Amino acid sequence: MNIADLAGLRDEDLAREVWAQPSGAGARALMESIMAEGRVPVRPRSQWRRRSLGLGVVTAGLAAALVMGVPFGVPITDYANAAISVKTGADYINVTITDPEAEAAMFAEAFRAVGLDAEVTKVPVAPEDVGELLLPALTGDLPPGREMTVSRQSNCASAWCGTVSMPVDFRGKIHFGIGRPAASGERFAHPVQIIPPAPGGSPEGYDGRHKPVSQVRGEMERRGMKITYVLMWQEPDGSGNGYPVDAGRIEDDWLVESGHKIASGAVDITVRAPGSLQPSSVPRADRPTPRAWWQD
C-alpha cells in the first residue's frame, strides 16, 4: 500500500470503509508502511515535526492518531485520559483536570505522554484548593532568563483548567502536585493566606493586617486556631527578612503583617518588628523547617 495514496482521502471516507478499521487489512498495511520507515530514537519535538511533514499532512495526522500503538519513541502533542487532558504548544501546556480524585499515576501518564519527565504527587491542601495544580517544582536548571508559571482559567467547566508556561528546551524533571483534602491537623502543602484576605481567596479571610497582635490573636483563638509566629524586619527596599520566634517573644502592641493558615487548625502569623528592635536580636524558635511537598 502506498501511503501517498491516502492524501486525497477524507475522514468520512475512512469511516465508511471496512479496511479502515483497526482490524482490517488496510490498517495493517498502513502500520507496516509506517513501520518500514524504521524506528528512530527520542528526539526534540522540532525534529519530529520536520519528519512528519515529509510524509504529507494527512499521513502525519493518521500517524499521530496511531502513535500510542506504534513504537516510534517520540512524544505526542495531545493526550487525555479519565483524569486529565494535556495539550502542548510552542512554549506552554494547556492542562484540564477532570477527576482530581484519580490516582497520581494517571496524571503522570498524561504529562509523560507529551514528552515531559514528570512526577505527580497528591498533596494535602485546604478544602478550597482540592483539585488544584500546584506550581511545579523543578529538578534541574531553567535556561537563563526563563521561568515557569501556572495560571488558572476562571471559566473552567472541569475541576481545574489552566496553562503551564515553560521553556521548551528544559530537560530536567518536573514535579507536579495535585491537591487532595488534608486530614485533620495535617500540614498543607500550600499555605493559604487569610491575613489580609486575598481577592477571591480563602473564605476564612480576616482583615487583620497592621492591627495589634493582641487583637489578631484574640480572633484566631476564637476560631480555635493554634498560633505560631514569624518576626520580620522591614528592609529599606520594602522587602522583609525574618524567622520563626516563640510566642513569648512577641509583644501585644506589635503590628501584624500577614497570616497564613498552615493546617486545618493552625495559623502562622508574621509580625513586623518595631523600628527600635535590632535585626536578628530576638532568639530564633527551636522548631524544624517544614519540608517542601516535592521532597516528601
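Just so it is clear, the model here is predicted, and its values are computed rather than measured. (Residues numbered from 1 in each chain as written. Predicted model: local features only at pLDDT ≥ 70, side-chain atom pairs only at ≥ 80, totals over all residues. Heavy atoms only, no water.)

### Remarks on the sheet that holds strand β9 (residues 192–195)
For step 1, the next point in the chain: Read from one edge of the open sheet, five strands run β9-β12-β13-β10-β11, paired in mixed fashion. Edge positions in the sheet fall to β9 and β11 (240–245), since each has one partner strand and no second. Direction aside, neighbouring strands of the sheet carry axes that sit 30° apart on average.
For step 2, the next point in the chain: With six bridges connecting them, strand β10 (residues 226–234) and β11 associate as antiparallel partners. By the bridge assignment, Leu231 is partnered in β11 with Tyr243. (Pairing = 2+ DSSP bridges. Helix = DSSP H or I, 4+ residues; strand = E, 2+ residues; numbered from the N terminus. Axes fitted to C-alpha atoms, helices over the stretch in contact; angles between N-to-C directions.)

### Considerations on the state of the cysteines
For step 1, the next point in the chain: Under the counting rule described, the total for this entry stands at one disulfide.
For step 2, the next point in the chain: In this model, Cys156 is linked to Cys161 through a disulfide, with the two sulfur atoms separated by 2.0 Å. Disulfide Cys156-Cys161: torsion about the S-S bond near 50°, hence right-handed.
For step 3, the next point in the chain: Taking the relative accessible area as the measure of exposure, Cys161 reaches 7% and is therefore buried. (Disulfide = S-S within 2.5 Å. Buried < 20%, exposed > 50% of the residue type's maximum accessible area, 1.4 Å probe, protein only.)

### Some thoughts on the environment of Tyr243
For step 1, the next point in the chain: Assignment of secondary structure puts Tyr243 in strand β11.
For step 2, the next point in the chain: In this structure, the C-alpha to C-alpha distance between Tyr243 and Arg284, residues 41 residues apart in sequence, is 6.6 Å.
For step 3, the next point in the chain: When sequence neighbours within four positions are dropped, the list of residues in contact with Tyr243 reads Tyr229, Val230, Leu231, Trp233, Ser280, Ser281, Val282, Pro283 and Arg284.
For step 4, the next point in the chain: A polar contact is formed between the side chain of Tyr243 and the backbone oxygen of Val282, at a distance of 2.4 Å. (Contact = heavy atoms within 4.5 Å. Polar contact = N/O pair within 3.5 Å; in protein donor to acceptor, adjacent residues only side chain to side chain.)

### Brief notes about the side chain of Ser258
For step 1, the next point in the chain: Looking at the element boundaries, Ser258 is found in strand β12 (residues 255–263).
For step 2, the next point in the chain: Ignoring sequence-local partners within four residues, the contact set of Ser258 consists of Ile195, Asp268, Ile269 and Thr270.

### A look at the packing of aromatic side chains
For step 1, the next point in the chain: Tallied over the full model, the rule gives three aromatic pairs.
For step 2, the next point in the chain: On the basis of an interplanar angle of 35° and a centroid distance of 5.7 Å, the ring pair of Trp233 and Tyr243 is categorised as tilted. Here Tyr243 lies in strand β11 and Trp233 lies in strand β10, a separation of ten residues in the sequence.
For step 3, the next point in the chain: Overall, Tyr243 belongs to the buried group, its relative accessible area being 9%.
For step 4, the next point in the chain: A ring pair is formed by Trp293 and Trp294, whose centres lie 5.4 Å apart and whose planes are at 90°; its orientation type is edge-to-face. (Phe/Tyr/Trp six-rings, centres within 6.5 Å; stacked < 30°, edge-to-face > 60°.)

### Here we look at helix α5 (residues 104–113)
For step 1, the next point in the chain: Those residues of α5 lying buried are Ala104, Phe107, Ala108, Ala110, Phe111 and Ala113.
For step 2, the next point in the chain: In the core, the buried residues of α5 are packed alongside β1 (78–80), β2 (84–88), β3 (92–97), β4 (118–125) and β8 (173–181).
For step 3, the next point in the chain: Taken from the residues just after α5, Gly115 is the one with a positive phi, measuring 95°.

### Considerations on the pattern of salt bridges
For step 1, the next point in the chain: Within this structure, the stated rule accounts for eleven salt bridges.
For step 2, the next point in the chain: With its nearest N and O atoms 1.9 Å apart, the salt bridge here joins Arg152 to Glu132. Taken as a pair, Arg152 in strand β6 (residues 149–152) and Glu132 in the loop between β4 and β5 (133–139) lie far apart in primary sequence, 20 residues in all.
For step 3, the next point in the chain: Each member of the salt-bridge network shares a partner with another, and the members are Arg209, Glu257 and Arg272. (Salt bridge = Lys/Arg side-chain N within 4 Å of Asp/Glu carboxyl O.)

### Some thoughts on the side chain of Asn81
For step 1, the next point in the chain: Mapping Asn81 onto the fold places it in the loop between β1 and β2.
For step 2, the next point in the chain: At 2.9 Å, the side chain of Asn81 forms a polar contact with the backbone nitrogen of Ala83.
For step 3, the next point in the chain: A distance of 2.8 Å separates the side chain of Asn81 from the backbone oxygen of Met106, its partner in a polar contact.
For step 4, the next point in the chain: When near neighbours in sequence (up to four residues on either side) are disregarded, Asn81 contacts Thr98, Met106, Glu109 and Ala110.

### Overview of the confidence of the model for the protein chain
For step 1, the next point in the chain: Overall, the prediction assigns the protein chain a mean pLDDT of 77, with 74% of residues at 70 or greater.
For step 2, the next point in the chain: When the criterion is pLDDT under 50, residues 1–73 qualifies, and its contacts beyond four places in sequence or with other chains add up to 58 contacts. (pLDDT = per-residue confidence, 0-100.)

### Description of the nonpolar core
For step 1, the next point in the chain: Counting 28 residues, the largest nonpolar core has Ile84 and Phe111 as its most contacted members.
For step 2, the next point in the chain: For this core, the secondary-structure elements that each account for two or more residues are β2, β3, α5, β4, β7 (160–165) and β8.
For step 3, the next point in the chain: The leading source of residues in this core is α5, at six residues.
For step 4, the next point in the chain: Formed by 25 residues, the second largest nonpolar core is a distinct cluster that contains Ile194, Val216, Leu231 and Val282. (Core = buried A, V, L, I, M, F, W, Y, C linked by side-chain atoms within 4.5 Å.)

### Quick notes on unusual backbone geometry
For step 1, the next point in the chain: Following Ile195, the chain continues into Pro196 via a peptide bond in cis, with omega recorded as -10°.
For step 2, the next point in the chain: By the element assignment, Pro196 lies in the loop between β9 and α6 (213–222).
For step 3, the next point in the chain: Here the phi dihedral of His210 falls at roughly 65°; this positive angle occurs in a residue that is not glycine.
For step 4, the next point in the chain: Tracing the sequence through the fold places His210 in the loop between β9 and α6.
For step 5, the next point in the chain: Its identity as a non-glycine residue notwithstanding, Ser280 has a phi of 65°, on the positive side.

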